[in-house]
Amino acid sequence: MRRGGQDRLLIKTRNRKWEKVIEILFLLSALISVFSLTAITVYLFAKGFPAIWEIGIMNFIFGMEWNPTADNPSYGIFPMIYASAAGTVGAVFLSVPVGLSAAVLLAAVAPPSLANFLRPCVDLMSGIPSVVYGYFGLTVIVPLISEYLGGPGNSLLAVIVLLSVMILPTIIKISENSLRTVPVEIIQGSYALGAAKMETVLKVMIPAAGSGILSSIVLGIGRAIGETMAVILVCGNAAQIPRSVLDMVRPMTANIALEMSYADPFHESVLFGTGVVLFMFIAAVNIVINVLSGNAAKFKDKPPHYLL
Amino acid sequence: MNIKSFKLILCLIIIIIISASTESYNTENNDIKITEAVPTPADTGSVPLVKNSANITIEGSTSAAVLLEVLAEAFMEKNPDIKVEIMANGTNAAIKAVRNSSADLGMVSRYLKTTEKTPGMKEVIIAWDVLAVVINPENNIKNLQKNHISEIYSGRITNWSIIGGFDMPIHVISREEGSGTYQAFKSLIGIEKITPSSQVTDGNGSMIESVAGKINSIGYVSMGFINNRVKVLSIDGIYPTKDNILNNLYTLKRPFSLIYIEDRKKNEVTEFIAFINSEEVRSIISKKYIPTEKTE
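Residues numbered from 1 in each chain as written. Chains lettered and ligands numbered in written order. Predicted model: local features only at pLDDT ≥ 70, side-chain atom pairs only at ≥ 80, totals over all residues. Heavy atoms only, no water.

J.: Before we go on, may I ask you to explain the overall build of chain B in this structure?
T.: From N to C terminus, chain B includes twelve helices and twelve strands. Considering chain B as a whole, with its 296 residues, one finds that 49% of them fall into the buried category. Taking contacts inside chain B between residues at least 6 apart in sequence as the whole, the part at least 24 apart equals 73%. Here chain B has roughly 14100 Å² of accessible surface; of this, 56% comes from carbon and sulfur atoms. (Helix = DSSP H or I, 4+ residues; strand = E, 2+ residues; numbered from the N terminus. Buried < 20%, exposed > 50% of the residue type's maximum accessible area, 1.4 Å probe, protein only. Contact = heavy atoms within 4.5 Å. Areas by Shrake-Rupley, 256 points an atom, 1.4 Å probe, with all protein chains shown as cover.)

J.: Just to check I follow, could you spell out the overall build of chain A for this structure?
T.: Each helix and strand in chain A was counted, giving 13 helices and two strands. For chain A, the spread of C-alpha atoms along the principal axes amounts to about 75 × 60 × 35 Å. Within chain A, the fraction of its 308 residues that count as buried is 44%. Counted over contacts in chain A with a minimum sequence separation of 6, partners at least 24 positions apart contribute 70%. When the accessible area of chain A is evaluated, it comes to approximately 16000 Å², of which 70% is carbon and sulfur surface. Of note, chain A has its 20 positive side-chain charges centred 18 Å away from the centre of its 17 negative side-chain charges. (Lys, Arg positive; Asp, Glu negative; His and termini not counted. Charge placed at Lys NZ, Arg CZ, Asp CG, Glu CD.)

J.: Can you walk me through the domain arrangement of chain B in this structure?
T.: Where interface size is given, it is often the accessible area lost as the parts come together that is meant. All names here are of chain B. Here chain B is partitioned into domain 1 (54-129 + 255-291) and domain 2 (130-246). Relative to domain 2, the C-alpha centre of domain 1 lies at a distance of 28 Å. At the junction of the two partners, domain 1 supplies 13 residues and domain 2 supplies 15 residues. Both faces combined, the contact of domain 1 with domain 2 buries some 1000 Å², and carbon together with sulfur accounts for 50% of it. Where domain 1 touches domain 2, the interface holds three residue pairs in polar contact (both at pLDDT 80 or more). (Domains from an automatic or database assignment. Buried area = accessible area lost by both parts, 1.4 Å probe. Polar contact = N/O pair within 3.5 Å; in protein donor to acceptor, adjacent residues only side chain to side chain.)

J.: Would you mind going over the interface of chain A and chain B with me for this structure?
T.: Chain A puts 38 residues into the contact, and the matching count from chain B is 35 residues. Of the roughly 2900 Å² buried between chain A and chain B, counting both surfaces, carbon and sulfur atoms make up 60%. When the area that chain A buries against chain B is broken down by residue, the three leading residues are A:Leu31, A:Thr69 and A:Tyr262, summing to 23%. Scanning the region where chain A abuts chain B turns up one salt bridge. Among the ionic pairs, A:Glu65 bridges to B:Lys193, the shortest N-O distance being 3.4 Å. For the pair chain A and chain B, the interface holds four residue pairs in polar contact (both at pLDDT 80 or more). Of all the secondary structure elements, the ones that give two or more residues to the side of chain A that touches chain B are helix 2 (13-55), strand 1 (66-67), helix 12 (252-259) and helix 13 (265-301) of chain A. Here the side of chain A that touches chain B takes twelve residues from helix 2 of chain A, the largest share from any one element. (Salt bridge = Lys/Arg side-chain N within 4 Å of Asp/Glu carboxyl O.)

J.: Any chance you could explain the packing of helix 4 (residues 78-109) of chain A against helix 10 (residues 210-226) of chain A here in plain terms?
T.: Packed helices, taken two at a time, are described by the angle between their axes plus the distance between the axes. Residue and element names in this part refer to chain A. At their nearest, the axes of helix 4 and helix 10 sit 9 Å apart, and the two run at 140° to each other. Judged by the inter-axis angle, helix 4 sits oblique to helix 10. The element helix 4 and its partner helix 10 pack so that their crossing is right-handed. Across from Ser84, Thr88, Val92, Val96 and Leu100 in helix 4, the residues of helix 10 making contact are Ile213, Ile217, Ile221, Ala224 and Ile225. Split by residue class, the contact of helix 4 with helix 10 holds eight nonpolar, two polar and no charged. (Axes fitted to C-alpha atoms, helices over the stretch in contact; angles between N-to-C directions. Parallel < 35°, antiparallel > 145°, perpendicular 65-115°, else oblique. Left-handed = near helix turned anticlockwise from the far one by under 90°. Nonpolar A, V, L, I, M, F, W, Y, C, P; charged D, E, K, R; others polar.)

J.: I would appreciate a short explanation of the pairing of strand 1 (residues 55-60) of chain B in the present structure.
T.: Along any regular strand, the residues point their side chains to alternate faces of the sheet. All names here are of chain B. Summarising the sheet, strand 1 and strand 2 (residues 83-88) pair through six bridges and their orientation is parallel. Residue pairing in the sheet places Ile58 in a bridge with Ile86 of strand 2. Running through helix 5 (residues 62-78), the crossover from strand 1 to the neighbouring parallel element strand 2 is right-handed. Relative to strand 3 (residues 105-108), strand 1 runs parallel, the two being bridged by three bridges. Its bridge partner lying in strand 3, Ile58 is registered against Leu105. (Pairing = 2+ DSSP bridges. Right-handed = clockwise from strand over helix to strand, strands pointing away.)

J.: Looking at this structure, I do not really get the pattern of salt bridges. What am I missing?
T.: Side chains that differ in charge, positive against negative, can pair when their charged atoms come close. Applying the stated rule across the entire model yields 18 salt bridges over all chains. A salt bridge links A:Arg180 to A:Glu176, with the shortest nitrogen-to-oxygen separation between them at 2.8 Å. Placement of the pair is A:Arg180 and A:Glu176 together in helix 7 (residues 156-180), with a separation of four residues, close to one helical turn. Judged by its relative accessible area of 46%, A:Arg180 is partly exposed. Accessibility expressed as a relative area gives 2% for A:Glu176, which makes it buried. Ionic pairing is found between B:Asp104 and B:Lys266, a salt bridge with its closest N-O pair at 3.2 Å. Of this pair, B:Asp104 sits in the loop between helix 6 (91-99) and strand 3 while B:Lys266 sits in the loop between strand 11 (253-261) and helix 11 (267-276), and the two are 162 residues apart along the sequence. Of the two residues, B:Asp104 and B:Lys266, both sit in the buried class.

J.: Would you explain unusual backbone geometry in this entry?
T.: Peptide bonds are trans in most cases, and residues, glycine excluded, mostly fall at negative phi. All names here are of chain B. Phi at Ser101 takes a positive value of approximately 65°, unusual for a residue other than glycine. A relative accessible area of 12% places Ser101 in the buried class. Backbone geometry places Asn248, a non-glycine residue, at a positive phi of 65°. Along the chain, Asn248 falls in the loop between helix 10 (242-246) and strand 11.

J.: What is the right way to look at helix 9 (residues 204-213) of chain B in this model?
T.: For an α-helix the count is 3.6 residues per turn, leaving residues at separations of three or four pointing the same way. Residues and elements named next belong to chain B. Among all positions of helix 9, only Asn204, Met207, Ile208, Ser210 and Val211 are buried. All buried residues of helix 9 project into a common sector of 165° when viewed along the axis, lining one side. Here the buried face of helix 9 lies against helix 5, strand 4 (121-135), strand 6 (171-175), helix 8 (180-188), strand 7 (199-201) and strand 8 (217-222). (Arc of directions from axis to C-beta.)

J.: Please explain the side chain of A:Thr253 as it appears in this structure.
T.: Residue and element names in this part refer to chain A. You can see Thr253 is positioned in helix 12. We classify Thr253 as buried; its relative accessible area is 6%. Separated by 3.0 Å, the side chain of Thr253 and the backbone oxygen of Glu227 make a polar contact. Excluding its chain neighbours within four sequence positions, the residues that come into contact with Thr253 are Ile225, Gly226, Glu227, Thr228 and Leu278.

J.: Quick question: what am I supposed to make of the packing of aromatic side chains here?
T.: Think of a pair of aromatic rings as described by two things: how far the centres are apart, and how the planes are tilted against each other in angle. Counted according to the given criterion, the structure contains 14 aromatic pairs over all chains. Judged by centre distance (6.1 Å) and plane angle (20°), the ring pair of A:Phe45 and A:Phe49 falls under stacked. Taken together, the residues span about one helical turn, with A:Phe45 and A:Phe49 both in helix 2 at a distance of four residues. The aromatic ring of B:Trp128 is capped on one face by B:Lys253, whose charged end is 4.5 Å from the ring centroid. (Phe/Tyr/Trp six-rings, centres within 6.5 Å; stacked < 30°, edge-to-face > 60°. Lys NZ or Arg CZ within 6 Å of the ring centre and 35° of its normal.)

J.: What am I meant to see in the nonpolar core here?
T.: When a protein is soluble and globular, its nonpolar side chains tend to lie buried together. Of all hydrophobic cores here, the largest spans 42 residues; its most connected members are A:Val159, A:Leu162, A:Leu163, A:Leu179 and A:Ile206. Only helix 4, helix 6 (130-149), helix 7, helix 9 (197-208), helix 10, helix 11 (229-234) and helix 12 of chain A provide two or more residues apiece to this core. Looking at this core element by element, the count peaks at eleven residues for helix 7 of chain A. Those residues in contact with A:Ile206 that sit more than four places away from it in its chain are A:Leu100, A:Val104, A:Leu179, A:Val201 and A:Ile213. Within the second largest apolar cluster, 40 residues are counted, among which are B:Val130, B:Val134, B:Ile141 and B:Leu233. (Core = buried A, V, L, I, M, F, W, Y, C linked by side-chain atoms within 4.5 Å.)

In structure tokens:
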């Protein structure tokens, strides 16, 4: 807005009114997202916090037992926090190497004909509804795990595998875009110094695209931790700390979705409390990665040290 | 637009949201307004207008809703001017809805706790539902003692070989907290807490799917959902046949009942309950469930 000051001098006063109107329209549109965020946050905290307070924050977050309808109820959600964290971390570990390699292939290695075939495939993958992923997991991944690795099949491993597939398109798309925006001068400089193609990709392009790759990971984490429908079908929903990846788990999202329909008012409030924890979790992840990617962006402006 | 005015607008919006959310929070706890909308018995008798817009709203147990939907259809065929609406949202919701009059009738699929009853609340048992303990058809077990079921579900027996089956771990499958089936099962087998390492499914249908999919699993479902993909166990040697259930030999049964507040009962509701007690309806009920004894 301010940068355009020079050009604005040329516009007649009559038009400025319209400029203002349109500016306000844009601002209002932007405010709608702020508005919904605030509304959801306020609602979530208003519904969830009284229950957390009554149970005690420590008992709620670090409690090991979830038994909300017993005569002597206990409301500990630590097993679910653990399950959400483990599922997400596992999915990111599986998905990032694969997704990043695929992004490199699409951005720098594949001939256009292959890339033009693969790209729509990735787009299509992100369009599949999560319940379909879940059903696929239930009928294909779960029996496979049960048969070859033992256990019930509904397990943390099934969650990890399914989530890693689900976040692949996010990671591939955004990483590919950021790899494409690496300035061509840097790449040419690398070649000029005698670097081979793969050397350039690994040592120049990926570091230069660091912040974009990091933000693809954040978005992946966001999708994985918030995923509900697909996870409910494959996780087994047992509210316990898993002793191995073959044990059943219940992530926070599954807990909310599973019990909300039957919950009495206090139980419902506790479920909103679970939502509060989930919300804080996502906010924390976002802040951490924002700080990290801020560092990466600074790095991006400087030429990589081995080029000096 | 400078930053200051932007901040001002943002603050304003937040204030509006907060006040709006607290307002809606208050009306939720305010029963008086809602009660006014419901005609008192005196109104229903004298004002014909109410009769024309006659509606019965029923909320509650998902298990009982399967039966009630059939009954409501039969009722509406006979009384085309009365419309019955059914919403399946769980037993707990039924109690809440009847209390604050957002439903005329509540469907309940377990015995009410004394704390849940309010003065004037009436409970009419319309049918008995039977809970069947089911296993995978490939499992060789045919009968279980009731205390073995309790021990399996509280996590003390973890291998089928202990109770005469194959040497494989028992995969315990249960239902989500708060479902009527879950609560009825828990109290019928007499345990306080089901083992946390049990799989949790979110409905009778997915329970059948899960049991059919794993050879070492055990689960429980409402009798109305049984099909040949699972094997029904006898308990203490007693198989859930109609005779055994009526003679109280098979003990895993629970009532399906309708609850309402006597003072707010509409004429249509009285008609509906009379219809449910009729001989014709008992034959509909007995297709899948056990009708109550005719000693009203």
